[in-house]
Amino acid sequence: MAHSARFELKYLIEEPRAVAVADFLSSYLRPSEHNGSGPIRGHPVISLYLDSPDFFFFRQSYNGHKNRMKLRIRFYDDEWKRPAFLEVKRRVSEVILKDRAMMTREGVRQILTAGWPSQPFWADGTHLIHGNRRQDVNEDFWMFANTMRAFGCIYVSYYREIYEAPDDEELRVTLDRQIHGSRYDGSGRLQVPRRGWRPFLPPYMSPFPRDGVILELKFDNQAPRWMFDLVKIFNLRQIPLCKYVACMYAQDLQWRRRVLPEQEQDLVL
C-alpha cells in the first residue's frame, strides 16, 4: 500500500502574523489554485470525524499517544454529485501516514446509515490530481470503522490557505482559519454545517485566540532551510494541537457530551 508519509509541525498564531507568514511563503512555494480570492483567505474544508462509542480516537489524541489514528470523511461543498473522501490518518511516533480514497455521496450515506455499500459507488476522479480509486483504503477504512463500531461524531470546518511545491507533493504549508465544530445530525447526508462553536484548548495549554490561525509545516525526510528561517523569524512555538480534539473538548464544556476523562470532568463540572 502506498502511504502519504511526512512530518507535520503545528503552530497557533494570530491573523496579522499569519498574513506576514503567507507573504514569506510566496518566495518559496506557490499558492494553491484552490485558495480563491474571497474575503477569507483560503477555501472551505469540512471533515466529518468518526469515533467509537467510548471516543477511543479522541482519547488517544487527548492523552498524546505517539501512535494513534483518526477516521474522517472530508468534503468541500454541498454538491451531491461531487465526491467525498474517506481518510485514514495515522501517527507513528513522529511520522504522519495518510491514506485517502474517493467515494460518491451516496456511498458515504450508505456507510453512515446502513453499512458498507453493496456496490462500489466509485466517484469519477479523472479531473482530480490527488483523488483516486483506492480499494485498499476503502477496505482499511471499513475494517477500522467496523472494529471500533465508529459512528459519525462531529463536523470540523475551517478555511484552508495552501502553499505547495510544484515538484514535491509532501512539501506544503497550510494556514487554517475560522475553525469551528458543529453537530452532525446522523442522517448520513453530508452537508456544509451551520457555524457552530469555536475550539477550546485543554487548560494546560494557552487559550485559543479569537482570530487564531493554525499553521502547519509539512515535509518528508528533512525540512528545507527556509522553514527553519521561518520558525526563527516569526518566533514560532510548536504545540501538539488537534482540531478534532479542540472542537470535541469545546463541545464537552458547552453541552456535557462526556468525552473527557473522568478527572477532567471533575475540573469542568
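Quantities reported herein were computed from a predicted structural model and do not represent experimental measurements.

Enquirer: Just checking my understanding: could you explain the overall build of the protein chain for this structure?
Expert: Along the backbone of the protein chain there are seven helices and nine strands. Residues counted as buried form 54% of the 269 residues belonging to the protein chain. Within the protein chain, contacts between residues at least 6 apart in sequence are counted, and of these 70% link residues at least 24 apart.

Enquirer: Looking at this structure, how should I read the pairing of strand β5 (residues 84-92)?
Expert: If a strand is regular, its side chains alternate between the two faces of the sheet. Burial analysis of β5 places eight of its nine residues in the buried class, which makes it a mostly covered element. Examined bridge by bridge, strand β4 (residues 67-75) and β5 share eight bridges and lie antiparallel to one another. By the bridge assignment for β5, K70 is matched with K89. As paired elements, β5 and strand β6 (residues 95-103) share nine bridges and run antiparallel to each other. From the neighbouring strand, L86 faces β6, where its bridge partner is A101.

Enquirer: Explain helix α4 (residues 135-148) to me, please; I cannot follow it from the model alone.
Expert: In an α-helix, one full turn covers 3.6 residues, which means residues spaced three or four apart are oriented alike. If you check α4, its first and last C-alpha atoms are 20 Å apart, about what 14 residues at 1.5 Å a residue would give, namely 20 Å. For α4, the complete set of buried residues consists of V137, N138, D140, F141, F144 and A145. Each buried residue of α4 lies within a common arc of 165° when the element is viewed along its axis, so the set occupies one face. Buried residues along α4 sit against β3 (43-51), β4, β5 and β6. Note on α4: the residue one or two positions beyond its end, R149, has a positive phi of about 55°.

Enquirer: Teacher, can you tell me more about the pattern of salt bridges here?
Expert: Side chains that carry opposite charge are capable of pairing whenever their charged atoms lie near each other. For the structure on display, the rule yields 23 salt bridges. A salt bridge links E87 to R72; the nearest nitrogen and oxygen atoms lie 2.6 Å apart. Note that E87 is positioned in strand β5 and R72 in strand β4, a separation of 15 residues in sequence. Both residues of the pair, E87 and R72, count as buried.

The rules we used
- Residues numbered from 1 in each chain as written.
- Predicted model: local features only at pLDDT ≥ 70, side-chain atom pairs only at ≥ 80, totals over all residues.
- Heavy atoms only, no water.
- Helix = DSSP H or I, 4+ residues; strand = E, 2+ residues; numbered from the N terminus.
- Buried < 20%, exposed > 50% of the residue type's maximum accessible area, 1.4 Å probe, protein only.
- Contact = heavy atoms within 4.5 Å.
- Pairing = 2+ DSSP bridges.
- Expected span 1.5 Å × (residues − 1).
- Arc of directions from axis to C-beta.
- Salt bridge = Lys/Arg side-chain N within 4 Å of Asp/Glu carboxyl O.

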